[in-house]
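One letter stands for each residue in the lines below.
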2 protein chains.
Amino acid sequence: MISRGPALRDQVYSHIRDRIVSGTLEPGRVIVEVELAAELNVSRTPVSNALVMLKERGLLEDDGGKLKVPILKLEDVIDLYWCRMAHDGLASRLAAERIGAKDLKQLETYLRAWETPEREDDLSALWVSDLNFHHLIYRVAGNRHLLRFSELTTELVSVYRRNTIRRMTDPESGTNRSRNDVRTEHEAIYEAIASRNPDAAEEAARYHIRMVIQHLEQADLVIQSEQVGL
Amino acid sequence: MISRGPALRDQVYSHIRDRIVSGTLEPGRVIVEVELAAELNVSRTPVSNALVMLKERGLLEDDGGKLKVPILKLEDVIDLYWCRMAHDGLASRLAAERIGAKDLKQLETYLRAWETPEREDDLSALWVSDLNFHHLIYRVAGNRHLLRFSELTTELVSVYRRNTIRRMTDPESGTNRSRNDVRTEHEAIYEAIASRNPDAAEEAARYHIRMVIQHLEQADLVIQSEQVGL
DNA sequence: CTGACGAATGCTGCATGCAGAGTGCAGAGT
DNA sequence: ACTCTGCACTCTGCATGCAGCATTCGTCAG
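Quick look at the structure, then. Computed from a predicted structure; not experimentally measured.

Comments concerning the overall build of chain A
Check the secondary structure of chain A and you find 10 helices and two strands. When its helices and strands are written in sequence order, chain A yields α-α-α-β-β-α-α-α-α-α-α-α. Here chain A holds 230 residues, and the buried ones make up 49% of them. If you take every contact in chain A between residues at least 6 apart in sequence, the share linking residues at least 24 apart comes to 73%. Carbon and sulfur atoms make up 50% of the accessible area of chain A, which totals about 11200 Å².

This is the structure:
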């Protein structure tokens, strides 16, 4: 586990973050500094530092003096997506003003991933494409603070990655949002950026996220219905 | 300096943050852990933790292994204001959907601060009113992640508070943005929120920040002109 | 049997020890 | 006089010691 390159606390940070995101450290779990230190064969100091970082980023939360993996309710995820709507909208606007030929081409290849025939094991590949697509837009936007906000949001949302993937792509989820919807929305964003139309780009990005939010809310309704026994 | 209530590292954090914001620790300054520890009569541990927190929030930056107070260029501030545009727009939209009578009244009182006759020593009071006005909107919006983003942005921008106040209100700055402009824009936001019109509220907030950005860019042009001897 | 009080344990925050890396200065060699 | 090398100092990161706080468990009394 321990190597000499990056500072120990950063390695510890990455490790714990991955465990949170992957669910090995499940939501609600109380984080015990000593445990992690023992597990990673380091002293408590770098672990403590890593925990401070994680807390700052919202990947851990203080609950009565104890650090816990936050239990994000769907409401929280939706709140995060509202932020994403604002961020993605702005990023797309800026990207439409600034994008160059090379990045545009790259953006197109990410878009194409959604055209391939559907296979079950493609889900994670699709997810990666989705991340790449949006991330490239942020890079092109050239606003480092905006990029940072986006990363914070993505990190938090990714705690729910597994769930949202399933919901978004599972035809049994009771909602009718298909990969074609996503594809169409991405295409609209791409077209607007490609035609250097900032207003249209922002609106397309916002529409895309609004659809995701709508879908999340519908999924929540379905889940709630199931819980009351419908 | 040391009290027993909040954790030492949080006290240290606040102290250093205030020194950065107030300019006592000027941009570019290299932060020396031992110095601060000695100055505050604490050990290096809580200082180290505080520095990690400050770095996470962008109030310190890593520069070749050394921690420095970041030197924000005007371009950075403008980037931050673009983010604010997105955030304030969203917050105003959400606030317009959710605000209650009591908060609305409070919002109105903050608005009124801009109607008082102009006095030089009112500048900081105006600034506080401005902060309160916008902050209340965020609280009403009821999206904790959005609130957090806003706080991060405000914290960073406030490193430049002094400058922006001067530029915004100094009639000699060469631009013609007056407090009446700000007042009018705030009123538009208020009116839209009061009439529960989310679209109008978002647009009014965005317009407000766009004007600030425009002003910042103009001020920059003026400064650049001065620098080349015009 | 239950409730309350006290002891023991576990965990965290702060202090300090220790070692490695970077920097600057000085002295020696050309 | 200039440069290169080496030594000393400084600072940071990690480890560990220490003490206070909370929680829990056990025991004793009602």
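Structure's up, so let's keep going.
Side note on the packing of helix 4 (residues 74-98) of chain A against helix 7 (residues 144-157) of chain B
At their nearest, the axes of helix 4 of chain A and helix 7 of chain B sit 8 Å apart, and the two run at 45° to each other. Viewed along their axes, helix 4 of chain A and helix 7 of chain B adopt a mutual orientation that is oblique. Listed contacts from helix 7 of chain B to D76(A), D79(A), L80(A), C83(A) and H87(A) of helix 4 of chain A are R144(B), H145(B), L146(B) and F149(B). Classifying every residue of the contact of helix 4 of chain A with helix 7 of chain B by side-chain character gives four nonpolar, two polar and three charged.

Focus: the protein's contact with DNA strand D
Close to DNA strand D lie 13 residues, the nearest being L8(A), S43(A), T45(A), E33(B) and R44(B). When atoms of DNA strand D within 4 Å of the protein are split into backbone and base, the sugar-phosphate part holds 52%. Between DNA strand D and R9(A), the relevant distance is 3.4 Å, taken from a phosphate oxygen to a side-chain nitrogen or oxygen of the residue. I31(B) has a polar backbone atom sitting 3.4 Å from a phosphate oxygen of DNA strand D. For the surface near DNA strand D, the secondary structure elements donating two or more residues are helix 1 (8-22) and helix 3 (44-56) of chain A together with helix 2 (33-40) of chain B.

Description of the interface of chain A and chain B
Interfaces are frequently sized by the accessible area removed from exposure as the parts join. On the side of chain B, 31 residues touch chain A, which itself brings 31 residues to the contact. Carbon and sulfur atoms make up 53% of the area that chain A and chain B hide from each other, which totals about 2800 Å². Of all residues in chain A, E56(A), H145(A) and F149(A) give up the largest surface area on contact with chain B, accounting jointly for 23% of the area buried on that side. There are six salt bridges connecting chain A and chain B. With its nearest N and O atoms 2.6 Å apart, the salt bridge here joins E56(A) to R57(B). In this structure, the connection of chain A to chain B is made through 11 residue pairs in polar contact (both at pLDDT 80 or more).

Parameters and conventions
- Residues numbered from 1 in each chain as written.
- Chains lettered and ligands numbered in written order.
- Predicted model: local features only at pLDDT ≥ 70, side-chain atom pairs only at ≥ 80, totals over all residues.
- Heavy atoms only, no water.
- Helix = DSSP H or I, 4+ residues; strand = E, 2+ residues; numbered from the N terminus.
- Buried < 20%, exposed > 50% of the residue type's maximum accessible area, 1.4 Å probe, protein only.
- Contact = heavy atoms within 4.5 Å.
- Areas by Shrake-Rupley, 256 points an atom, 1.4 Å probe, with all protein chains shown as cover.
- Axes fitted to C-alpha atoms, helices over the stretch in contact; angles between N-to-C directions.
- Parallel < 35°, antiparallel > 145°, perpendicular 65-115°, else oblique.
- Nonpolar A, V, L, I, M, F, W, Y, C, P; charged D, E, K, R; others polar.
- Near = heavy atom within 4 Å.
- Polar contact = N/O pair within 3.5 Å; in protein donor to acceptor, adjacent residues only side chain to side chain.
- Buried area = accessible area lost by both parts, 1.4 Å probe.
- Salt bridge = Lys/Arg side-chain N within 4 Å of Asp/Glu carboxyl O.

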